[in-house]
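Results of the structural survey
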Amino acid sequence: MIAIAILAAGRGTRMKSDLPKVLHELGGRTLVERVLNSCQEIEISRRLVIVGYRSELVKESLLGNQKITAENPELPPLEFVEQTEQLGTGHAIQQLLPYLKGFTGDLLVLNGDVPLLRSQTLKHLVETHQQHQNSATLLTANLPNPQGYGRVFTDSQNLVTEIIEDRDCTTPQKQNCRINAGVYCFHWPHLEKVLPELKADNNQKEYYLTDTVKYMSIVMAVDVEDYQEILGINDRKHLATTSDILQQRIKDQWMARGVTMIDPNSITIDDTVELQANVVLEPQTHLRGKTAIASGSRIGPGSLIENSQIGENVTVLYSVISDSIVSNNSRVGPYAHLRGHAEVGANCRVGNFVELKNAQIGDRTNVAHLSYLGDATLGEKVNIGAGTITANYDGVNKHKTTIGDRTKTGSNTVLVAPIILGEDVTVAAGSVVTEDVPNDCLVVARARQVIKHGWKLKK
Ligand code: UD1
Ligand code: CA
């Protein structure tokens, strides 16, 4: 039986942020969510999260985040353990004592700020621990620059004797490049006995979880193959470095699955995004949140798509799309903005400088130039003339515009909502339409042109 405990109580002072460190985001997920997800391949009986600094935010974020449970409904519920004062990682784990009374299994402890761990790595750690029936097994790595990490010291049989924090190391000890990743598997009945022994006799005057290894045997170290996995985040620079590594991973994975990227270094993709083979991503394209893009679509250059569904063979050029849907074979941009549940049908064109907000557009409808359509429903084969605007807001409330199939609006039309234009309507250019228009009509809603022959300005 394995329980996991995630250390997420610290503020993360070095982040210089009011937001708890573990709630900073990397590739569309919070650090703590990533750490939780990295345990996916292990069969877990309990999930404990130790919270402290702004604990309500951490809880809210994890519980509000359906993704974690939705992706694996068999997971046990999250249990939050309060560490009201943050007196160190050992003190944090001491808070588990009442919760794990009588528990006889293993406890996998993870720092909440180690977001790049692979689930296979954790699986391997746990398996090694169980095979050897160790008291503790920890992940280690040889870092080219170990500064800031605890150093792991071993005896002649390669078993761990001690972990010394960077700031407590003597100069010769600092030469040891084998570091503690902050990921441990403990046999709980052993750890339980040792936890009350911890003393805060170190540079930070904190209770260190790492000191427990001094009182335990056998403690084994398992080196990770790829040290990038165990990089911990303590400041914004670390956040940027790990973000680069994560992006590389995500992009390599999509390219292996048949996605073309032009200038991949300029592209960013959250790992919540789904792409099909034969998608082409052009430079400066950013895909975020729950976005899905189907085969044959070409996105970018210069586009941002978040929480949106893009069908097959769609092109999106220099545009921003959020919380919206674009169906097959449609063209968006250049310079279009779709937001607030815009839905574009198949074979449509949403062109230059067009904004759609909560507008549903039927198949083969075009909105090609300089328009704002908000809170609108358009039928099929509608043609929206350049500069058509829905006046949907009266200063207090938003109102709806409905436009029937095959209707055409002339350039510079204003549709004052609430309003319904029927099917096969033609709106004369420059009209300000304030009343509903039935099917098959021409509507002219502007002052008639006046010409005065021979008229001259009086001197
Ligand atoms: C810790 C390890 C160090 C290791 C490094 C790996 C200790 C004493 N040191 O150092 O050996 O190389 O991680 O990244 O464990 N936290 C709490 N309550 C507390 C203190 C911290 O929940 O009272 C949480 C933090 O929110 C964080 C994690 O524990 O998620 C690690 O704390 P941090 O202060 O970053 O430890 P490091 O100094 O990085
Ligand atoms: Ca850390």
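Anyway, here's the lowdown on the structure attached to this text.

Reading guide: rules and limits
Residues numbered from 1 in each chain as written. Chains lettered and ligands numbered in written order. Predicted model: local features only at pLDDT ≥ 70, side-chain atom pairs only at ≥ 80, totals over all residues. Heavy atoms only, no water. 1 Å grid on protein atoms, 1.4 Å probe; cavity = no way out; pocket = protein on both sides within 12 Å on 5 of 7 lines; lining within 4 Å. Points joined across faces, edges and corners; volume = space filled by probe spheres on them. Helix = DSSP H or I, 4+ residues; strand = E, 2+ residues; numbered from the N terminus. Nonpolar A, V, L, I, M, F, W, Y, C, P; charged D, E, K, R; others polar. Donors = N, O, S within 2.8 Å, 3.2 Å for Na, K, Ca; no water. Buried < 20%, exposed > 50% of the residue type's maximum accessible area, 1.4 Å probe, protein only. Phe/Tyr/Trp six-rings, centres within 6.5 Å; stacked < 30°, edge-to-face > 60°. Lys NZ or Arg CZ within 6 Å of the ring centre and 35° of its normal. Near = heavy atom within 4 Å. Polar contact = N/O pair within 3.5 Å; in protein donor to acceptor, adjacent residues only side chain to side chain. Arc of directions from axis to C-beta. Core = buried A, V, L, I, M, F, W, Y, C linked by side-chain atoms within 4.5 Å. Contact = heavy atoms within 4.5 Å.

1. Remarks on the layout of surface pockets
Taken as a whole, the largest pocket spans an internal volume of roughly 1,100 Å³. Lining of the largest pocket is provided by 38 residues; of these, Arg14, Lys21, Thr89, Asp113 and Asn234 occupy positions nearest its centre. Within the residue set of the lining of the largest pocket, elements represented by two or more residues are β1 (2–8), α4 (89–94) and β10 (178–187). Per element, the largest residue contribution to the lining of the largest pocket is 4 residues, and it comes from β10. For the lining of the largest pocket, the residue count by class is 13 nonpolar, 17 polar and 8 charged. The computed volume of the second largest pocket comes to approximately 680 Å³. Looking at the second largest pocket, it is lined by 25 residues, and the ones nearest its centre are Arg29, Arg34, Gln40, Gln253 and Asp271.

2. Focus: the coordination of the calcium ion (ligand 2)
Distances from the calcium ion (ligand 2) to its protein donors, namely Asp113 (OD) and Asn234 (OD1), fall within the range 2.4 to 2.5 Å. Here the residue aspartate 113 occupies a position in the loop between β6 (106–111) and α5 (119–132), and asparagine 234 occupies one in the loop between β11 (219–223) and α8 (236–256), the gap between them amounting to 121 residues. For the pair formed by aspartate 113 and asparagine 234, the shared burial category is buried.

3. Brief notes about the packing of aromatic side chains
In the structure shown here, the tally under the stated rule is 3 aromatic pairs. On the basis of an interplanar angle of 20° and a centroid distance of 5.7 Å, the ring pair of tyrosine 318 and tyrosine 335 is categorised as stacked. Residue tyrosine 318 is found in the loop between β21 (315–316) and β22 (320–322), and its partner tyrosine 335 is found in the loop between β24 (331–332) and β25 (336–339); the two are separated by 17 residues along the sequence. An aromatic cluster is built from Tyr318, Tyr335 and Phe353, whose rings are joined through pairwise contacts. Of note, arginine 257 hangs over the ring of tryptophan 254, and the distance from its end group to the ring centre comes to 4.8 Å.

4. A look at the site of ligand 1
Around ligand 1 lies a shell of 24 residues, among which Gln83, Gly88, Thr89, Glu165 and Asn180 are the nearest. One of the backbone nitrogen or oxygen atoms of leucine 7 is found 2.8 Å away from an oxygen atom of ligand 1. Backbone polar atom of glycine 10 to an oxygen atom of ligand 1: 2.9 Å apart, as the coordinates give it. The set of elements that each furnish at least two residues to the shell around ligand 1 consists of β1, α4 and β10. With 3 residues, the top contributor of residues to the shell around ligand 1 is β10. Residue composition of the shell around ligand 1, grouped by class: 9 nonpolar, 11 polar and 4 charged.

5. Focus on helix α2 (residues 55–64)
Of the residues making up α2, those classed as buried are Ser55, Val58 and Leu62. The buried residues of α2 all sit within an arc of 65° when viewed along its axis, so they share a single face. In α2, the exposed positions that point more than 90 degrees away from the buried face belong to Glu60 and Gly64.

6. Looking at the nonpolar core
If you look at the biggest cluster of nonpolar residues, it comprises 90 residues, and the most contacted ones within it are Leu108, Ile269, Leu281, Leu338 and Leu356. Beyond its immediate sequence surroundings of up to four residues, leucine 338 is in contact with Val320, Ile321, Ser322, Ser324, Val326, Val332, Val344, Val350 and Leu356. Counting residues in each nonpolar core, the second largest holds 31 residues, with Leu7, Leu100, Leu138 and Val160 among its members.

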